[in-house]
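Secondary and tertiary structure notes
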Amino acid sequence: MWVAVSELPRPVSHPFYEKLNRLLAEHGFDEFVEAQCRPFYAEKMGRPSLAPGQYFRFLLLGYFECLDSERGMAWRAADSSGVRAFLGLALTEAAPDHSTISRTRRLIDLDTHRAVFTWVGQCLGIAGLIKGKTLAIDATTLEANAALRSIVRRDTGETYNEFLTKLAQASGIETPTRADLAKLDRKRKKKGSNEDWEHPHDPDARIAKMKDGRTHLAHKAEHAVDLETGAIVAVTLQEADQGDTTTIETTLPEAVEQLEAVAAVNDKVKTGEELVTDKGYHSKQTVLDMQSLGLRTYISEPDRGRQHWIDQHAERDAVYANRRRIRGERGQQLMRRRGELLERPNAHLYDTGGMRRTHLRGHGNILKRLLVHAAACNLGLWMRTLTGIGTPRGLQGRLAAVWAFCFTLWVLLRDHATVHRHRRLN
């Protein structure tokens with residue numbers, strides 16, 4: 001009936017999570033998030049809630065364990081003793097279910113999640129992992145938690161099949177079959193316009209082409225990266241049908257604001273002097289606007305043929321200056337670093353990190369998860385500089401590398417001993 005506490009098995013913490021917990025404790029992470037989340041918790045009301053430190057660790061877990069949903073986070077917490085130790089769950093304490101995590105996310109506002117991202121950025125700034133001189137901006141598409149077959153008309157609320165049926169009846173087909181509707185749909189132009197269609201349960205999702213060529217309802221995530229260190233400076237979530245020259249107007253001010261917050265704790269951090277992007281961000285007006293903000297641009301220029309500059313002398317000078325910079329040695333070096341450090345967050349956050357497909361709806365909900373996800377990526381960069389390992393699974397590769405080195409060394413020593421033995425016999 002009774003079991004002594006000393007007889008209970010002691011949970012073994014993962015070395016990575018143990019080091020990360022010590023790092024967070026040294027900088028007062030739990031005290032910070034509890035102060036930020038105090039307005040969202042009642043003194044004596046309702047069932048026991050999820051502590052702020054545990055909640056944000058759950059979201060960090062999504063990146064480190066490559067979990068794409070809150071349900072997967074709850075399952076992982078219930079399955080692993082090392083993860084339970086990272087979350088601060090006692091051996092006799094049940095892991096929270098996914099509904100508790102979801103409800104906590106809905107109750108805590110977006111500004112608090114952004115404050116956690118800023119706090120991690122300030123810690124990186126103190127550690128010297130954010131310089132702020134050279135910024136690089138890039139965007140990617142995230143698959144929305146919505147199906148194209150469920151879209152409806154913005155004006156009438158009709159489904160796609162109902163709309164096609166009316167068109168077929170108007171063309172003279174009284175009882176159209178599925179083959180008739182498919183044939184009629186193939187002949188239509190601009191049939192997937194975001195101006196005409198929306199998803200009834202996720203109005204923020206837009207019809208867009210994904211990276212693999214599929215057409216799907218999607219969101220656009222855009223992030224700014226410190227090109228000297230690889231740290232993520234800012235993350236924004238916008239409509240997928242917006243062009244890069246439009247979305248940069250939101251991401252760049254957000255990056256400058258985050259850099260100013262980091263500069264408040266480290267006066268050596270700059271607030272942006274150079275901007276590096278790909279050719280999707282290049283336009284006459286964009287290059288001129290960046291120049292007027294005091295930024296030296298290194299924006300790849302697409303091949304548009306011969307340009308005309310009638311009454312556009314300022315735009316011409318800005319474009320020509322940008323062209324000279326990207327052809328210079330400094331420009332070529334920054335372009336190589338852009339391919340190395342700017343594309344890396346896409347793989348870490350979305351492909352390996354499990355955020356390529358969202359399981360949430362609404363930009364507010366998705367951005368909450370994305371901000372802490374990016375903060376976890378920055379924590380991984382911090383851990384990599386301290387221990388050489390940026391994710392828990394990195395220890396597996398490190399152990400394999402050690403074994404491979406030991407095996408190679410053993411083979412070399414064996415061959416050397418064999419050669420030396422043959423020489424003595426001869």
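Further up the page is the structure itself.
First things first, this report covers the structure right here in the doc.

Criteria and cut-off values
- Residues numbered from 1 in each chain as written.
- Predicted model: local features only at pLDDT ≥ 70, side-chain atom pairs only at ≥ 80, totals over all residues.
- Heavy atoms only, no water.
- Helix = DSSP H or I, 4+ residues; strand = E, 2+ residues; numbered from the N terminus.
- Contact = heavy atoms within 4.5 Å.
- Areas by Shrake-Rupley, 256 points an atom, 1.4 Å probe, with all protein chains shown as cover.
- Lys, Arg positive; Asp, Glu negative; His and termini not counted.
- Charge placed at Lys NZ, Arg CZ, Asp CG, Glu CD.
- Pairing = 2+ DSSP bridges.
- Right-handed = clockwise from strand over helix to strand, strands pointing away.
- Axes fitted to C-alpha atoms, helices over the stretch in contact; angles between N-to-C directions.
- Parallel < 35°, antiparallel > 145°, perpendicular 65-115°, else oblique.
- Left-handed = near helix turned anticlockwise from the far one by under 90°.
- Core = buried A, V, L, I, M, F, W, Y, C linked by side-chain atoms within 4.5 Å.
- Buried < 20%, exposed > 50% of the residue type's maximum accessible area, 1.4 Å probe, protein only.
- 1 Å grid on protein atoms, 1.4 Å probe; cavity = no way out; pocket = protein on both sides within 12 Å on 5 of 7 lines; lining within 4 Å.
- Points joined across faces, edges and corners; volume = space filled by probe spheres on them.
- Nonpolar A, V, L, I, M, F, W, Y, C, P; charged D, E, K, R; others polar.
- Expected span 1.5 Å × (residues − 1).
- Salt bridge = Lys/Arg side-chain N within 4 Å of Asp/Glu carboxyl O.
- Disulfide = S-S within 2.5 Å.
- Phe/Tyr/Trp six-rings, centres within 6.5 Å; stacked < 30°, edge-to-face > 60°.
- Lys NZ or Arg CZ within 6 Å of the ring centre and 35° of its normal.

**Quick word on the overall build of the protein**
- When you go through the protein residue by residue, the secondary structure sums to 15 helices and eight strands.
- Along the longest, intermediate and shortest principal axes, the C-alpha atoms of the protein span 90 × 70 × 60 Å.
- Contacts in the protein between residues at least 24 apart in sequence constitute 70% of all its contacts with a sequence separation of at least 6.
- When the accessible surface of the protein is split by element, carbon and sulfur atoms take 52% of a total near 23100 Å².
- Across the protein, 62 positive and 54 negative side-chain charges occur, with their mean positions spaced 6 Å apart.

**Remarks on the pairing of strand 8 (residues 296-299)**
- Where strand 7 (residues 274-277) lies against strand 8, four bridges are found, and the strand directions are parallel. Bridge pairing in strand 8 links Glu274 to Arg296.
- Handedness of the crossover joining strand 7 and strand 8 through helix 11 (residues 284-292) is recorded here as right-handed.

**Remarks on the packing of helix 1 (residues 15-26) against helix 3 (residues 52-64)**
- Interhelical geometry of helix 1 versus helix 3 gives an angle of 140° and a closest axis separation of 13 Å. Relative to helix 3, the element helix 1 lies oblique. Considering how the two elements wind past one another, helix 1 and helix 3 form a crossing that is right-handed. Taken together, the residues of helix 3 that come into contact with helix 1 (itself represented by Phe16, Tyr17, Leu20, Asn21 and Leu24) are Arg57, Leu61 and Phe64.

**A word on the nonpolar core**
- Of all hydrophobic cores here, the largest spans 91 residues; its most connected members are Leu20, Phe56, Phe64, Leu124, Ile232, Leu370 and Leu379.
- Looking at which element gives the most residues to this core, the answer is helix 14 (residues 363-387), with 13 residues.
- With residues near it in sequence (within four places) discarded, Ile232 still touches Phe117, His223, Ala224, Val225, Pro345, Leu349, Ala374, Cys377 and Asn378.

**Let's talk about the layout of surface pockets**
- In this structure, the second largest pocket occupies an estimated 230 Å³ of space.
- Forming the walls of the second largest pocket are Leu148, Arg149, Ile151, Thr159, Tyr160, Asn161, Lys191, Gly192, Ile207 and Thr215.
- Looking at the lining of the second largest pocket, its residues break down into four nonpolar, four polar and two charged.

**A word on unusual backbone geometry**
- The phi dihedral of Cys66 falls on the positive side, at around 60°, and the residue is not glycine.
- With respect to the helices, strands and loops of the structure, Cys66 is situated in the loop between helix 3 and helix 4 (70-79).
- The phi angle at Asp311 is positive, at roughly 55°, despite the residue not being glycine.
- Assignment of secondary structure puts Asp311 in the loop between strand 8 and helix 12 (313-327).
- Residue Asp311 is classed as exposed on the basis of its relative accessible area, which comes to 71%.

**Remarks on helix 3**
- Taking 1.5 Å as the rise per residue, helix 3 with 13 residues should run 18 Å; its terminal C-alpha atoms sit 18 Å apart, in good agreement.
- Extensive coverage of helix 3 is indicated by the burial of 13 of its 13 residues.
- Cys66 sits one or two residues past helix 3 and shows a positive phi near 60°.

**Details of the pairing of strand 7**
- Residues of strand 7 alternate between two faces, with Glu274 and Val276 on one and Leu275 and Thr277 on the opposite face, all of them buried.
- Examined bridge by bridge, strand 1 (residues 134-143) and strand 7 share three bridges and lie parallel to one another. The residue bridging Ala136 from the neighbouring strand is Val276, located in strand 7.

**A word on empty space enclosed by the protein**
- Enumeration according to the criterion identifies one cavity of 30 Å³ or more in this entry.
- Quantified by volume, the largest cavity comes out at close to 40 Å³.
- Taken together, Phe117, Thr118, Gly121, Ile130, Ile232, Val233, Gln258, Leu259 and Val262 form the lining of the largest cavity.
- At the level of elements, helix 7 (110-126), strand 6 (232-239) and helix 10 (244-263) are the ones that each hand at least two residues to the lining of the largest cavity.
- Its residues placed into classes, the lining of the largest cavity shows six nonpolar, three polar and no charged.

**Quick notes on the environment of Arg393**
- Within the secondary structure, Arg393 sits in the loop between helix 14 and helix 15 (394-425).
- You can call Arg393 partly exposed: its relative accessible area is 49%.
- The spatial distance from the C-alpha of Arg393 to the C-alpha of Phe64 is 8.2 Å, given a sequence separation of 329 residues.
- The contact partners of Arg393, leaving out residues within four places of it in the chain, are Glu65 and Cys66.

**Topic: the pattern of salt bridges**
- Enumeration according to the criterion identifies 21 salt bridges in this entry.
- Through salt bridges that share partners, Glu65, Arg76 and Asp79 make up one connected network.

**Considering the state of the cysteines**
- As enumerated under the stated definition, the model contains zero disulfides in all.
- Unpaired in this structure, Cys66 has its nearest cysteine sulfur neighbour in Cys377, at a distance of 11 Å.
- Accessibility expressed as a relative area gives 26% for Cys66, which makes it partly exposed.

**Thoughts on the packing of aromatic side chains**
- The tally for this structure, following the rule as stated, stands at 11 aromatic pairs.
- On the numbers, 5.3 Å between centres and 70° between planes, the contact of Tyr63 with Phe64 is edge-to-face. Note on accessibility: Tyr63 and Phe64 belong to one class, buried.
- Aromatic ring contacts, followed pair by pair, group Phe16, Tyr17, Tyr63, Phe64 and Phe86 into a single cluster.
- When the ring centre of Phe163 is taken as reference, the NZ or CZ atom of Arg153 above it lies at 4.6 Å.
- Over the aromatic face of Trp309 sits the side chain of Lys284, whose NZ or CZ is 4.5 Å from the ring centroid.

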